[in-house]
Amino acid sequence: MKKIFLVPLFISCLLISACGAARVPMNTDKKQMMNMKPVSGNETLSEWSTPDSITANQPVTISILIKDKHNKPIKEFETVSTKKMHLVVVSKDLSYFAHIHPTFKGNGIFEITTKFPASGDYKLIAEMTPVGASDYSIEDHWIMVQGIPPAAVPIEPDTTLTKIIDGTKVTLSFDEKPTAKKNIDMNFTLYNAASNKPIKNLKQYLGTVGHSVAIDRDVKQFMHIHPLYPKAKGPKVVFMTYFPTKGVYKVWGQFNVNGHILTVPFVINVN
């Protein structure tokens, strides 16, 4: 799978499509923000092993072999955000989302046992960093869960960007109108829903104050975004992001609220 990478960074934003991955600058240094010219490379290959038949709500073991461009298993991987691999799983209509972490078994092999909630097609997107590689790598794979899938949930932009989930009110905002091919600050602001008081004691989640994932409606563009200020406590968590194309995107924010991992989704339109 071909990769596209944009500028070095510490706060990562990864994009994946038919052509690969990209990143935005590590901070607000204007010199870095101007350097958005992509360079290409092929860092990894992958082999995915799953059972021939997968049934909804039944445990399934998935094995992922990560190889280098010479088709040899990669022996070592960096620990990034406390994990050697991040695996995002979404249903084709984006109604289901999971951010999970396979175990590294050695000799290039990662393994995880998980469940899928319903029949239908799911995309698995694995993110990892081989030791000595020039950058992150992304590998993806579609699987089909047996049976008649439920009716697809329409993916339409939300009319309001405030939601209450598990007692927490979350508002999504942008420093300017979301526009493709442009660096934009994306902000999640969290409040206690009962008192409407801002939450200022967010805990660390995977080594930072939060994570965000954005995927377009066609499930071709993928972004895993880390906060601009990783040690922040809230109520606002700022992500500098870069949408590669116009269109409708679903965005998930994940935060550690009093030991509970809150996942809040929004659907937005990018001009």
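See the structure printed just above.
Bear in mind that the values here come from a model prediction, so they are computed numbers and not experimental data.

About the criteria used
- Residues numbered from 1 in each chain as written.
- Predicted model: local features only at pLDDT ≥ 70, side-chain atom pairs only at ≥ 80, totals over all residues.
- Heavy atoms only, no water.
- Helix = DSSP H or I, 4+ residues; strand = E, 2+ residues; numbered from the N terminus.
- Buried < 20%, exposed > 50% of the residue type's maximum accessible area, 1.4 Å probe, protein only.
- Contact = heavy atoms within 4.5 Å.
- Areas by Shrake-Rupley, 256 points an atom, 1.4 Å probe, with all protein chains shown as cover.
- Pairing = 2+ DSSP bridges.
- Axes fitted to C-alpha atoms, helices over the stretch in contact; angles between N-to-C directions.
- Salt bridge = Lys/Arg side-chain N within 4 Å of Asp/Glu carboxyl O.
- Phe/Tyr/Trp six-rings, centres within 6.5 Å; stacked < 30°, edge-to-face > 60°.
- Lys NZ or Arg CZ within 6 Å of the ring centre and 35° of its normal.
- Core = buried A, V, L, I, M, F, W, Y, C linked by side-chain atoms within 4.5 Å.

1. Focus: the overall build of the chain
Item 1. In terms of helices and strands, the chain carries one helix and 19 strands.
Item 2. Counting the 271 residues in the chain, one finds 49% classified as buried.
Item 3. In the chain, the proportion of contacts linking residues at least 24 apart, taken out of those at least 6 apart, comes to 62%.
Item 4. Accessible surface for the chain amounts to roughly 12600 Å². Of this, 52% is attributable to carbon and sulfur atoms.

2. Structural notes on the sheet that holds strand S10 (residues 120-128)
Item 1. Strand order in the open sheet formed by four strands is S7-S6-S10-S11, and the pairing between neighbours is antiparallel. With partners counted over all chains shown, the strands left at the sheet margins are strand S7 (97-100) and strand S11 (137-145), one partner each. Direction aside, neighbouring strands of the sheet carry axes that sit 15° apart on average.

3. Details of the pattern of salt bridges
Item 1. Within this structure, the stated rule accounts for four salt bridges.
Item 2. For lysine 163, the salt bridge is made with aspartate 158, and the minimal N-O distance between the two is 3.4 Å.
Item 3. Residue aspartate 158 is classed as partly exposed on the basis of its relative accessible area, which comes to 26%.
Item 4. Here glutamate 176 ties to lysine 182 by a salt bridge, and the two come within 2.7 Å at their closest N and O atoms.

4. What to know about unusual backbone geometry
Item 1. The step from glycine 234 to proline 235 runs through a cis peptide bond, and the omega angle for that step is 0°.
Item 2. With respect to the secondary-structure elements, proline 235 resides in the loop between strand S16 (222-225) and strand S17 (236-242).
Item 3. You will see that threonine 82, though not glycine, has its phi angle at about 70°, which is positive.
Item 4. You can see threonine 82 is positioned in the loop between strand S5 (60-67) and strand S6 (85-91).

5. With respect to the pairing of strand S19 (residues 260-270)
Item 1. As judged from the eleven bridges shared by strand S18 (residues 247-257) and S19, these two strands associate in the antiparallel manner. Bridge assignment links valine 257 to a residue of S19, and that residue is histidine 260.
Item 2. Linking two consecutive strands that pair antiparallel, namely S18 and S19, is a turn of two residues; a positive phi of about 55° is found at asparagine 258 within it.

6. Re the packing of aromatic side chains
For any two aromatic rings, the description comes down to two numbers: the centre-to-centre distance and the angle of the planes.
Item 1. For the coordinates displayed, the defined rule picks out eleven aromatic pairs.
Item 2. Consider the rings of phenylalanine 239 and phenylalanine 255, whose centres lie 6.5 Å apart with planes at 65°: the pair is edge-to-face. Taken together, the residues span a long stretch of sequence, with phenylalanine 239 in strand S17 and phenylalanine 255 in strand S18 at a distance of 16 residues.
Item 3. The structure contains a cluster of three or more aromatic residues connected by ring pairs, namely Phe188, Phe239, Phe255 and Phe266.
Item 4. Taking NZ or CZ as reference, lysine 163 lies 5.3 Å from the ring centre of phenylalanine 266, over its face.
Item 5. The aromatic ring of tyrosine 191 is capped on one face by lysine 169, whose charged end is 5.1 Å from the ring centroid.

7. Observations concerning the nonpolar core
Item 1. Met186, Phe188, Leu190, Leu202, Phe243, Phe255 and Ile268 are the most contacted members of the largest nonpolar core, which totals 26 residues.
Item 2. Take this core: its biggest share by element is five residues, from S19.
Item 3. For phenylalanine 255, the residues in contact, after removing those within four places along its chain, are Phe188, Leu190, Leu202, Val209, Gly210, Val237, Phe239, His260, Ile261, Leu262 and Val264.
Item 4. Membership of the second largest hydrophobic core comes to 23 residues, among which are Ile64, Ile112, Met128 and Ile143.

8. Considerations on the environment of proline 178
Item 1. Here proline 178 lies in the loop between strand S13 (168-174) and strand S14 (183-192).
Item 2. A residue is classified by how much of its surface remains accessible, and proline 178, at 12% relative accessible area, is buried.
Item 3. C-alpha of proline 178 to C-alpha of isoleucine 268: the two residues are 90 residues apart in sequence and 8.4 Å apart in space.
Item 4. The contact partners of proline 178, leaving out residues within four places of it in the chain, are Ile184, Asn269, Val270 and Asn271.

9. Side note on the side chain of threonine 129
Item 1. On the secondary structure map, threonine 129 appears in the loop between S10 and S11.
Item 2. Each residue touching threonine 129, except ones within four places of it in the same chain, is listed here: Phe77, Glu78, Val80, Asp135 and Tyr136.

10. Comments concerning the sheet that holds strand S12 (residues 162-165)
Item 1. The sheet built from four strands is open, its strands ordered S12-S13-S14-S17 with antiparallel pairing. The two strands at the open ends of the sheet, each matched to only one other strand, are S12 and S17. Going from strand to strand, the sheet's axes swing by 25° on average, the running direction of each strand aside.
Item 2. In the sheet, S14 pairs with S17 via seven bridges, with the strands oriented antiparallel. Looking at S17, one finds that threonine 189 is bridged to lysine 236.

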